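Residue-level structure breakdown
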Amino acid sequence: MSLVENTLRAHLPVLKTTSNGWLTLNCPMCVQNGQARPDTKHRGGIRFDNGKVAYQCFNCHMITGWHPGSRLGFKLTKLMRAFGIDEGDIQRLKIQLWDQVVEDL
């Protein structure tokens, strides 16, 4: 498991798993992305696959992800904050990911 996956799994609510491996949840970003009310129909989905992370909401159409060797993007950082991940934890994760990239060079 990657550092990003470990961090996200530790802060995700109880999820349902679909037959194709997606974990469904109420998207915490719908109102921030212009929807009139919060998602209550589990339209958000997150998938972990070989260290990669993919997130998609079928309500507000937010799409983001991460793969090993890359940095945390703006959208994934916003999603992490919406899941309640502490800003200090996000910054530490960014530093750890940067250290991994530098070690690989």
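Details of the structure are given in the entry above.
Thresholds applied
- Residues numbered from 1 in each chain as written.
- Predicted model: local features only at pLDDT ≥ 70, side-chain atom pairs only at ≥ 80, totals over all residues.
- Heavy atoms only, no water.
- Helix = DSSP H or I, 4+ residues; strand = E, 2+ residues; numbered from the N terminus.
- Buried < 20%, exposed > 50% of the residue type's maximum accessible area, 1.4 Å probe, protein only.
- Contact = heavy atoms within 4.5 Å.
- Polar contact = N/O pair within 3.5 Å; in protein donor to acceptor, adjacent residues only side chain to side chain.
- Phe/Tyr/Trp six-rings, centres within 6.5 Å; stacked < 30°, edge-to-face > 60°.
- Arc of directions from axis to C-beta.
- Salt bridge = Lys/Arg side-chain N within 4 Å of Asp/Glu carboxyl O.

The next point concerns the environment of asparagine 26. Checked against the element boundaries, asparagine 26 lands in the loop between strand E2 (23-25) and strand E3 (44-49). Using a relative accessible area of 32% as the deciding quantity, one classes asparagine 26 as partly exposed. Sequence separation between asparagine 26 and glycine 44 is 18 residues; the distance between their C-alpha atoms is 5.5 Å. Those residues within four positions of asparagine 26 in sequence are excluded, and the remaining contacts are Asp39, Thr40, Lys41 and His42. From its side chain, asparagine 26 meets the backbone nitrogen of lysine 41 in a polar contact 3.4 Å long. A distance of 2.9 Å separates the side chain of asparagine 26 from the backbone nitrogen of histidine 42, its partner in a polar contact.

For the structure shown, the criterion picks out 1 aromatic pair. On the basis of an interplanar angle of 85° and a centroid distance of 6.5 Å, the ring pair of tyrosine 55 and phenylalanine 83 is categorised as edge-to-face. With tyrosine 55 in strand E4 (residues 52-57) and phenylalanine 83 in the loop between helix H2 (74-82) and helix H3 (87-104), this residue pair connects regions lying 28 residues apart in the sequence. What makes phenylalanine 83 buried here is its relative accessible area of 12%.

Here the focus is H2. Among all positions in H2, only Leu76, Thr77, Leu79 and Met80 are buried. Take H2 and look down its axis: the buried residues cluster within an arc of 160°, on one side only. Glycine 84, located one to two residues past H2, shows a positive phi value of around 90°.

With that out of the way, let us pick up the pattern of salt bridges. By the definition in use, this model includes 3 salt bridges. Note that arginine 9 is salt-bridged to glutamate 5, the shortest N-O span being 2.9 Å. A residue pair is termed a helical-turn pair when its members lie 3 or 4 positions apart in one helix, as arginine 9 and glutamate 5 do in helix H1 (residues 3-11) at 4 residues. Overall, glutamate 5 belongs to the buried group, its relative accessible area being 6%. When the shortest N-O distance is used, the salt bridge between aspartate 89 and arginine 92 registers 2.5 Å. Of the two residues, aspartate 89 and arginine 92 both sit in helix H3, 3 residues apart, roughly one turn of that helix.

Overall, the relative accessible area of 40% leaves arginine 9 in the partly exposed class. When the C-alpha atoms of arginine 9 and phenylalanine 48 are compared, they prove to be 9.5 Å apart, with 39 residues separating the residues in sequence. There is a polar contact of 2.9 Å between the side chain of arginine 9 and the side chain of glutamate 5.

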